[in-house]
There are 2 protein chains.
Amino acid sequence: VTEIRGLIERKKRGEALDADELRALCRTVVDGSVPDYQLAAWLMAVCWRGMDAAETLALTRGMVATGATLDWRDLDRPTVDKHSTGGVGDKTSLVLVPLLAAAGLAFVKMSGRGLGHTGGTLDKLESIPGFTVTLPLERMRAQVRRIGCALVGQSAELVPADGRLYALRDVTATVDCVPLIASSIMSKKLAGGAGAIVLDVKWGAGAFMQSADEARELAAALVGIGGGADRRTRAILSPMSEPLGRAVGNALEVREAIDTLRGGGPPELWTLTRELGSHAMVLAGAAPDLPAAVGRLEALRDSGAAAARLEALIEAQGGDPRVVEEPERLPAAPHRELFTAEGDGGWIRRVDARGVADAALALGAGRRIKTAPVDPAVGVVLRVRTGDRVAAGQPLAAIHARGAEAAAAAVERLRVAISLSDEPVPTPEAGFEIVAGAVA
Amino acid sequence: VTEIRGLIERKKRGEALDADELRALCRTVVDGSVPDYQLAAWLMAVCWRGMDAAETLALTRGMVATGATLDWRDLDRPTVDKHSTGGVGDKTSLVLVPLLAAAGLAFVKMSGRGLGHTGGTLDKLESIPGFTVTLPLERMRAQVRRIGCALVGQSAELVPADGRLYALRDVTATVDCVPLIASSIMSKKLAGGAGAIVLDVKWGAGAFMQSADEARELAAALVGIGGGADRRTRAILSPMSEPLGRAVGNALEVREAIDTLRGGGPPELWTLTRELGSHAMVLAGAAPDLPAAVGRLEALRDSGAAAARLEALIEAQGGDPRVVEEPERLPAAPHRELFTAEGDGGWIRRVDARGVADAALALGAGRRIKTAPVDPAVGVVLRVRTGDRVAAGQPLAAIHARGAEAAAAAVERLRVAISLSDEPVPTPEAGFEIVAGAVA
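Residues numbered from 1 in each chain as written. Chains lettered and ligands numbered in written order. Predicted model: local features only at pLDDT ≥ 70, side-chain atom pairs only at ≥ 80, totals over all residues. Heavy atoms only, no water.

Just to check I follow, could you spell out the overall build of chain A for this structure?
The helix and strand tally for chain A stands at 17 helices and 13 strands. For 440 residues, the compact-globule formula gives about 22 Å, and the C-alpha radius of gyration of chain A, at 22 Å, lands near that figure. With the C-alpha coordinates aligned to their principal axes, the bounding extent of chain A is approximately 65 × 45 × 40 Å. Look at the contacts in chain A between residues 6 or more apart in sequence, and 80% of them connect residues 24 or more apart. Summed over its atoms, the accessible surface of chain A is roughly 16,800 Å², and 50% of this surface lies on carbon and sulfur atoms. A distance of 3 Å separates the average location of the 51 positive side-chain charges in chain A from that of its 55 negative side-chain charges. (Helix = DSSP H or I, 4+ residues; strand = E, 2+ residues; numbered from the N terminus. Rg over C-alpha atoms; globule rule 2.2 N^0.38 Å. Contact = heavy atoms within 4.5 Å. Areas by Shrake-Rupley, 256 points an atom, 1.4 Å probe, with all protein chains shown as cover. Lys, Arg positive; Asp, Glu negative; His and termini not counted. Charge placed at Lys NZ, Arg CZ, Asp CG, Glu CD.)

Listed below in structure tokens is the structure:
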């Protein structure tokens, strides 16, 4: 206890702890030998003083050392991984994983469940009839050897320190701290064992990070850890003011992902998938440059190879692969209605991501408490984006609900979330910014 | 839990919590409804962001509201209280309490026990045969009505929040934080109910605060709280590079306090007592100005009235009052030896307060763990101060020990603590600086 107090004291004074100290601290997190109140004080001191790149890397390594790590050296293809800081309607993993597997990479995407206004990746996958996100390690390895991909829940054996630390951060207002965020994300990526890592860092009204500067700071911390740990790492920054794509809700998002993989879907989802995928290809040495990578990814989409890989993935994990060809096999909501523009129409001033998520939550697509089930079928499909011109009475969104009452609650929230202007509104900023990490 | 998280979050962002919020937070400290880890995070956020005067006052009041408060309005004389930030050899309360009672004030001094290299005020008092520091409240009130003073242990009924918060600060490296120190000190003063408060804030190598600036900052926080709570409050800053007075050890310090009360003793102890006492007199309206107050205090000392009041106090609390006239009745150590100057003598470069305290601890005068007993008889009596010229073989200190072995351990520490120079050394900075509070 006294020793830990000394570490807290030094961090409080602004000093950096060294690798041995942070490894010991992380070990005590897992073995329970340090009381939560000392960890809480240390976490707040980290929020206060920050961590330089070396200390952040040391913390991340200390966290990784608390659990098992995956080793893919026996595999015949390069391994990639991806993390997104998240956003409403983000179903990129569902497109990217089979696409890159079709391109010859190995891609095991582990996701957490967590709370959320809308379901997480695991909830989306579980809307596919029969699909399981829980695979024993050996079965997962065999699947990856065979089809190059898996989409599973975060293994409790990897980075056990992260769970306890995150739970404590959640109740001590220490979530919002770049080195703690970065070490939490990257510890799981390092333990996952992939040689190349792409990071989707979003910023703006629809994202966790509100400004581009915050996103750049986090991206720098992330790629710093990746490079320091000898992983080829790149972060792609993208502005996000509204939901990603059009669909918000579990099965609705799976359907949009399938559409995108087959060449349809909203262009912004494909654009982001292509951006992340092409960087992953180059990092993994599977393409000589970005244009070549993009060409290959588009060919895999257009040939149906990517969609076929998704079928194989769904089948391997117990799901009904026919949903790829026949998305109407996905669960569907019994009550549908359109949310239409009131008054004289005009231009879409704003589509507030949080407001749309609130509407989806009101429909039952997300959860307020960890143990609550989600409704796979319900959600919102937007028909407009910021800057679109709309006529009076034009549909702005389709609501997929259990019943009229839930739909009415969603309408109430969409009325706030989607606002109109009498004058033209510019379309939101687009474009990516790349933060590349140097391998140490 | 969520509500507390919101308060932590706001403090983390640098906002001030309001009086209602801090009162609620303090209440949860006592009723145990908030987990230690959330309090720990909040404490570290306070260290980070600080508190302005209004928030510090609100916290202090919130702490006071968790327990009982004393009310002296039925008393026929003004009430005073005093707090010292502490230092090795500080026995000022033992002199000041009977002195101000003799001057017609009511003075209840409550002290904590705590850990320490040397005994605390309670340990010193308990070296007087029969003396008890535990008085039931009604008996204490009757005693104060009769003789105007009491010297007792801190009541557990006053400010119960302080105990839990202090224990948590101790293990989370959040002790060293001005608003937390100030609210801890002043909450107990406010609950004690005195109308005038003098604060002895020491700084320097022998004190808790290392620099005058730190001491000024703490003093400003303390008098800010006092004034805000409608108490006439003054802080007296004094430099402290060596122990206060000459004696370090429980009965030895009582004897020095008695000597001082009777007109003897080391001049620096009387000087500090007179300074604190005269300000207390003026604050309490018992003297028109400082020179008048000083004259009255000196007269009370010289007439024997102050010493007589100490006799009455000792008798009222079960002790043997004859120790005042016959200090040889105090416990005495069986083994005495002198620590003498080595080499050719020279000038005293430094008398390190902590080193002298270490010597006293080695003799058994203090405690390393809370439940350990202290030896009332043992200790060190210095014969020199910084700047003194000493000849070869001249005694630098007298050691009062249980035996030769303990004395040898003390000598080893004194050899480090008292260092000599070949060249003249200036005497330490002296003089007081007053920080006065405005009553709101």
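Moving on, there is more to tell.
Even after reading the chapter, I still don't get the packing of aromatic side chains, so can you show me in this structure?
Two measures describe an aromatic ring pair: the distance that separates the ring centres and the angle between the ring planes. The full count for this structure, using the stated rule, is 1 aromatic pair over all chains. Centroid distance A:Trp48 to B:Trp48: 6.4 Å. Interplanar angle 5 degrees. Geometry classified as stacked. Of this pair, A:Trp48 sits in helix 3 (residues 36–49) while B:Trp48 sits in helix 3 (residues 36–49), placing the two residues on different chains. Here A:Arg301 stacks its cationic end above the ring of A:Trp270, 4.3 Å away from the centre of that ring. (Phe/Tyr/Trp six-rings, centres within 6.5 Å; stacked < 30°, edge-to-face > 60°. Lys NZ or Arg CZ within 6 Å of the ring centre and 35° of its normal.)

Any chance you could explain the sheet that holds strand 12 (residues 418–421) of chain A here in plain terms?
The strands making up a sheet associate through backbone hydrogen bonding, with each pair oriented either parallel or antiparallel. All names here are of chain A. Spatial ordering of the open sheet is given by 10-8-12, a layout of 3 strands whose pairing is antiparallel. The open sheet has two edge strands, strand 10 (389–391) and strand 12, and neither has a second partner. The average angle at which neighbouring strand axes cross in this sheet is 50 degrees, direction not considered. Two elements, strand 8 (residues 345–351) and strand 10, share 3 bridges in a ladder whose sense is antiparallel. In the sheet register, Gly 346 faces strand 10, and the bridge partner there is Val 390. On top of the sheet, helix 17 (residues 404–417) reaches strand 8 and strand 12; it is set at about 40 degrees to strand 12, its chief contact. (Pairing = 2+ DSSP bridges. Axes fitted to C-alpha atoms, helices over the stretch in contact; angles between N-to-C directions.)

What am I meant to see in the sheet that holds strand 4 (residues 196–203) of chain A here?
Residues and elements named next belong to chain A. Strand order in the open sheet formed by 6 strands is 3-2-1-4-5-13, and the pairing between neighbours is mixed. In this open sheet, the two edge strands, each paired with only one partner strand, are strand 3 (149–153) and strand 13 (433–436). With strand direction ignored, the average angle separating the axes of adjacent strands in the sheet is 20 degrees. Relative to strand 3, helix 7 (residues 137–147) is tilted by about 150 degrees, and along the sheet it contacts strand 2 (106–111) and strand 3. Its contacts with the sheet put helix 10 (residues 212–228) on strand 4, strand 5 (232–239) and strand 13, and the angle it makes with strand 5 is roughly 170 degrees.

Help me understand the pattern of salt bridges in this model?
When the charged atoms of two side chains lie near each other, side chains of opposite charge can form a pair. Residue and element names in this part refer to chain A. In this structure the tally under the stated criterion is 64 salt bridges over all chains. A salt bridge links Lys 91 to Glu 256, with the shortest nitrogen-to-oxygen separation between them at 2.6 Å. Placement of the pair is Lys 91 in the loop between strand 1 (79–84) and helix 5 (92–102) and Glu 256 in helix 11 (residues 250–261), with a sequence separation of 165 residues. Judged by relative accessible area, which is 6%, Glu 256 ranks as buried. Shared partners join several salt bridges into a network, and the residues in it are Glu 9, Arg 10, Arg 13, Glu 15 and Glu 21. (Salt bridge = Lys/Arg side-chain N within 4 Å of Asp/Glu carboxyl O. Buried < 20%, exposed > 50% of the residue type's maximum accessible area, 1.4 Å probe, protein only.)

Hey, could you run me through the relation of the copies chain A and chain B in this one?
In this arrangement, two copies of a chain are superimposed by a rotation about an axis accompanied by a shift along the axis. Overlay of chain A on chain B (RMSD 0.1 Å): rotation 179 degrees, translation along the axis 0.2 Å. Considering both components of the superposition, the chain copies are consistent with a two-fold axis. Closest approach to the rotation axis among the C-alpha atoms of chain A is made by A:Tyr37, whose C-alpha sits 1.8 Å away. Taken as a fraction of all interface residues of chain A, those also at the interface in chain B reach 100%, which identifies the copy contact as same-surface. (Least-squares fit on C-alpha atoms with pLDDT ≥ 70 in both.)

Got a minute to help me understand the nonpolar core in this structure?
Within the largest apolar cluster, 138 residues are counted, with the highest numbers of intra-cluster contacts made by A:Trp42, A:Met140, A:Val201, B:Trp42, B:Met140 and B:Val201. Excluding anything up to four places from it in sequence, A:Trp42 contacts A:Ile8, A:Lys11, A:Leu17, A:Leu22, A:Leu25, A:Met51, A:Leu59 and A:Leu165. (Core = buried A, V, L, I, M, F, W, Y, C linked by side-chain atoms within 4.5 Å.)

I keep staring at the pairing of strand 2 of chain A and nothing clicks. Help me out?
Remark: a regular strand shows side chains that alternate across the two faces of the sheet. Residues and elements named next belong to chain A. Counting buried positions along strand 2 yields 6 of 6 residues, so the element is predominantly enclosed. Here strand 2 shows no split at all, with Ala 106, Val 108 and Met 110 on one side and Phe 107, Lys 109 and Ser 111 on the other all buried. Note that strand 1 and strand 2 share 2 bridges and pair parallel. Bridged to Thr 79 within strand 2 is Ala 106. A crossover connection joins strand 1 to the parallel strand 2 through helix 5; in handedness this β-α-β unit is right-handed. Of the pairings in the sheet, the one linking strand 2 to strand 3 comprises 5 bridges and is parallel in character. Of the residues in strand 3, the one forming a bridge with Ser 111 is Gly 153. (Right-handed = clockwise from strand over helix to strand, strands pointing away.)

Teacher, can you tell me more about the pairing of strand 4 of chain A here?
Residues and elements named next belong to chain A. In terms of burial, strand 4 is a largely internal element, 8 of the 8 residues being buried. Residues Ala 196, Val 198, Asp 200 and Lys 202 of strand 4 are buried on one face, and the alternating residues Ile 197, Leu 199, Val 201 and Trp 203, pointing to the opposite face, are buried as well. The pairing of strand 1 with strand 4 spans 5 bridges and is parallel. Paired with Lys 82 across the bridge in strand 4 is Val 198.

I tried to follow the interface of chain A and chain B on my own but got confused; where do I start?
It is common to report an interface's size as the accessible area lost on association of the parts. Between chain A and chain B, the contact holds 21 residues from the first and 21 residues from the second. For the pairing of chain A and chain B, the buried interface totals around 1,800 Å² over both sides, and the portion due to carbon and sulfur atoms is 69%. It is A:Tyr37, A:Met44 and A:Trp48 that lose the most area in chain A upon contact with chain B, and together they represent 31% of the buried surface on that side. Summed over the shared surface of chain A and chain B, the result is 2 salt bridges. For the salt bridge of B:Asp170 with A:Arg5, the shortest nitrogen-to-oxygen distance reads 3.2 Å. Counting the contacts that link chain A with chain B gives 8 residue pairs in polar contact (both at pLDDT 80 or more). (Buried area = accessible area lost by both parts, 1.4 Å probe. Polar contact = N/O pair within 3.5 Å; in protein donor to acceptor, adjacent residues only side chain to side chain.)

So what exactly am I meant to see when it comes to the environment of A:Gly130 here?
Residues and elements named next belong to chain A. Summarising the element assignment, Gly 130 is placed in the loop between helix 6 (121–126) and helix 7. Accessibility expressed as a relative area gives 55% for Gly 130, which makes it exposed. Spatially, the C-alpha atoms of Gly 130 and Leu 382 are 28 Å apart, while their sequence positions differ by 252 residues. Every residue in contact with Gly 130, bar those within four places of it in the chain, is listed here: Gln 317, Gly 318 and Gly 319.

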